[in-house]
Amino acid sequence: MKRYNTAYYLLSVLLILGSFASMAQNDYGSYILGLVTFGFAFLFLLQFLQSFSREVSDSVVINRLEFWGYFY
């Protein structure tokens, strides 16, 4: 998780920026929100796939289920 903190922070700031731009009825607000959505989905998918490269333990299985839950 520490590895992705910068990306999460940047996406969170862009989410706030996009929501304010969208509330101000600027066209680029929806575009930013769409990019942030795909960014979060990409990060969650990347972390889910990387969880298969580690040894299997109970905590890893729980983390896999947590990442898989984001897609439903």
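Residues numbered from 1 in each chain as written. Predicted model: local features only at pLDDT ≥ 70, side-chain atom pairs only at ≥ 80, totals over all residues. Heavy atoms only, no water.

### Some details on a nonpolar patch on the surface
- A surface patch of nonpolar side chains, amounting to about 360 Å² of accessible area, comprises Ile16, Phe20 and Met23.
- Of note, Met23 is situated in helix 1 (residues 5–23).
- Given a relative accessible area of 59%, Met23 falls into the exposed group. (Patch = residues over 30% accessible without salt bridge, like charges linked within 9 Å, V, L, I, M, F, W, Y side chains within 5 Å. Areas by Shrake-Rupley, 256 points an atom, 1.4 Å probe, with all protein chains shown as cover. Salt bridge = Lys/Arg side-chain N within 4 Å of Asp/Glu carboxyl O. Helix = DSSP H or I, 4+ residues; strand = E, 2+ residues; numbered from the N terminus. Buried < 20%, exposed > 50% of the residue type's maximum accessible area, 1.4 Å probe, protein only.)

### A closer look at the side chain of Gln47
- Within the secondary structure layout, Gln47 lies in helix 2 (residues 27–50).
- Taking relative accessible area as the criterion, Gln47 reaches 5% and is therefore assigned buried.
- Within the structure, Gln47 has its side chain in polar contact with the side chain of Tyr8 (distance 3.1 Å). (Polar contact = N/O pair within 3.5 Å; in protein donor to acceptor, adjacent residues only side chain to side chain.)

### Structural notes on the nonpolar core
- Counting 7 residues, the largest nonpolar core consists of Tyr4, Tyr8, Leu11, Ile32, Val36, Leu43 and Phe44.
- With 4 residues, helix 2 is the single largest residue contributor to this core.
- When neighbours within four sequence positions are excluded, Leu11 is seen to be in contact with Val36, Gly39, Phe40 and Leu43. (Core = buried A, V, L, I, M, F, W, Y, C linked by side-chain atoms within 4.5 Å. Contact = heavy atoms within 4.5 Å.)

### Points about the environment of Gly39
- When you line up the elements, Gly39 lands in helix 2.
- Assessed through its relative accessible area of 18%, Gly39 is described here as buried.
- Put simply, Gly39 and Tyr8 are 31 residues apart on the chain and 9.1 Å apart in space, counted from C-alpha to C-alpha.

### Some points on helix 2
- Compared with an ideal rise of 1.5 Å per residue, which puts 24 residues at 34 Å, helix 2 spans 36 Å between its outermost C-alpha atoms and is within 8% of the ideal.
- Along helix 2, the residues classified as buried are Gly29, Ile32, Val36, Gly39, Leu43, Phe44, Gln47 and Phe48. (Expected span 1.5 Å × (residues − 1).)

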